[in-house]
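Residue-level structural notes
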Amino acid sequence: MTDSVARDFGRLHVVKITGTLQVSEGRSSSSTGTGFAIRKGVVATALHVVADRSCDPPALLHGLTLSFAECGSGNSINTFDVDSNISLLAYNVEEDWALLSFDSDRDYPLLVPCSRTSVGDEFFSHGFAHPDGQAMSGKFVGSAARKQRLLMQLRVDELTAATPGPVRGYSGAPVMVAQHVVGIITLRNPDRHGEDHRDLTVGATLFATPIAW
């Protein structure tokens, strides 16, 4: 798959997710992340992108909006938003994934989940670390069991240990191998704790939760 084809495929198959987290009385924080539709009316993403995990059960962020892409005239890409009747269908706090249900009469592409991948497989993804989204690619370099979680380790071509730019918006993005989803990027370094480390990479490695449903 060429870079341009991968970029267009990625942008059309991911969903920009925005919302607002109420931090304290009178204070709020905006959230931007990524998701992808796996079947009609269901989007998969990272739980911390769409919900306040300090609540039990997790509470959806305020003003949650799903922005889908679609082909326009010529080579243009248009978007349409879904911001009502969104609910938490399933989730796992420890593994940091969530499935959202929503209503929309519009058509949108679906991604096929697959649990099979091998070390050395090349992957690509598309996420919203920048407002218009950005593609990234690399290799699946191994798995690690940490704190009873099995994580995928991804070596990313576009990142280095000194990368200064934000990567948080990639949270919830699909890890795609041969146009199948094998994982969900969570970006959390399991050896670090606290909100200040939510989007850390380790060198040029990102972490992802493998698909298991």
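Below is a short write-up of the structure.

Cut-offs used in this document
Residues numbered from 1 in each chain as written. Predicted model: local features only at pLDDT ≥ 70, side-chain atom pairs only at ≥ 80, totals over all residues. Heavy atoms only, no water. Helix = DSSP H or I, 4+ residues; strand = E, 2+ residues; numbered from the N terminus. Buried < 20%, exposed > 50% of the residue type's maximum accessible area, 1.4 Å probe, protein only. Contact = heavy atoms within 4.5 Å. Areas by Shrake-Rupley, 256 points an atom, 1.4 Å probe, with all protein chains shown as cover. Lys, Arg positive; Asp, Glu negative; His and termini not counted. Salt bridge = Lys/Arg side-chain N within 4 Å of Asp/Glu carboxyl O. Polar contact = N/O pair within 3.5 Å; in protein donor to acceptor, adjacent residues only side chain to side chain. Phe/Tyr/Trp six-rings, centres within 6.5 Å; stacked < 30°, edge-to-face > 60°. Lys NZ or Arg CZ within 6 Å of the ring centre and 35° of its normal.

**Focus: the overall build of the protein chain**
For the protein chain, the count of helices and strands is 2 helices and 16 strands. Per-residue burial over the protein chain gives 46% buried out of 213 residues. Of the contacts formed within the protein chain by residues at least 6 apart in sequence, a portion of 58% connects residues at least 24 apart. Here the protein chain has roughly 10600 Å² of accessible surface; of this, 46% comes from carbon and sulfur atoms.

**Some words on the environment of Pro174**
Within the secondary structure layout, Pro174 lies in strand 14 (residues 174–177). The exposure class assigned to Pro174 is buried, which follows from its relative accessible area of 0%. In sequence terms Pro174 and Thr45 are 129 residues apart; their C-alpha atoms lie 8.0 Å from each other. Apart from the residues within four sequence positions on either side, Pro174 is in contact with Val14, Thr34, Phe36, Leu111, Phe124, Ser125, His126, Val181 and Gly183.

**Considering the side chain of Asp52**
Considering the arrangement of structural elements, one finds Asp52 in strand 4 (residues 51–52). Lacking a salt bridge, the buried Asp52 has Arg53 as its closest oppositely charged neighbour, with an N-O distance of 7.1 Å. At a separation of 2.6 Å, a polar atom in the side chain of Asp52 contacts the side chain of Ser54. The contacts of Asp52, once residues within four sequence positions are left out, are Leu21, Pro58, Ala59 and Leu61.

**A short note on the packing of aromatic side chains**
Enumeration according to the criterion identifies 4 aromatic pairs in this entry. Taking the centre distance of 5.4 Å and the plane angle of 40 degrees together, the rings of Phe68 and Phe102 count as tilted. With Phe68 in strand 6 (residues 62–71) and Phe102 in the loop between strand 9 (97–101) and strand 10 (112–113), the pair connects residues that are 34 residues apart, well separated along the chain. This pair shows no difference in class: Phe68 is buried, exactly as Phe102 is. Clustering of aromatic rings is evident, with ring pairs tying together Phe68, Phe80, Phe102 and Tyr108. In this structure, Arg106 packs its charged tip against the face of Phe80, placed 4.2 Å from the ring centre.

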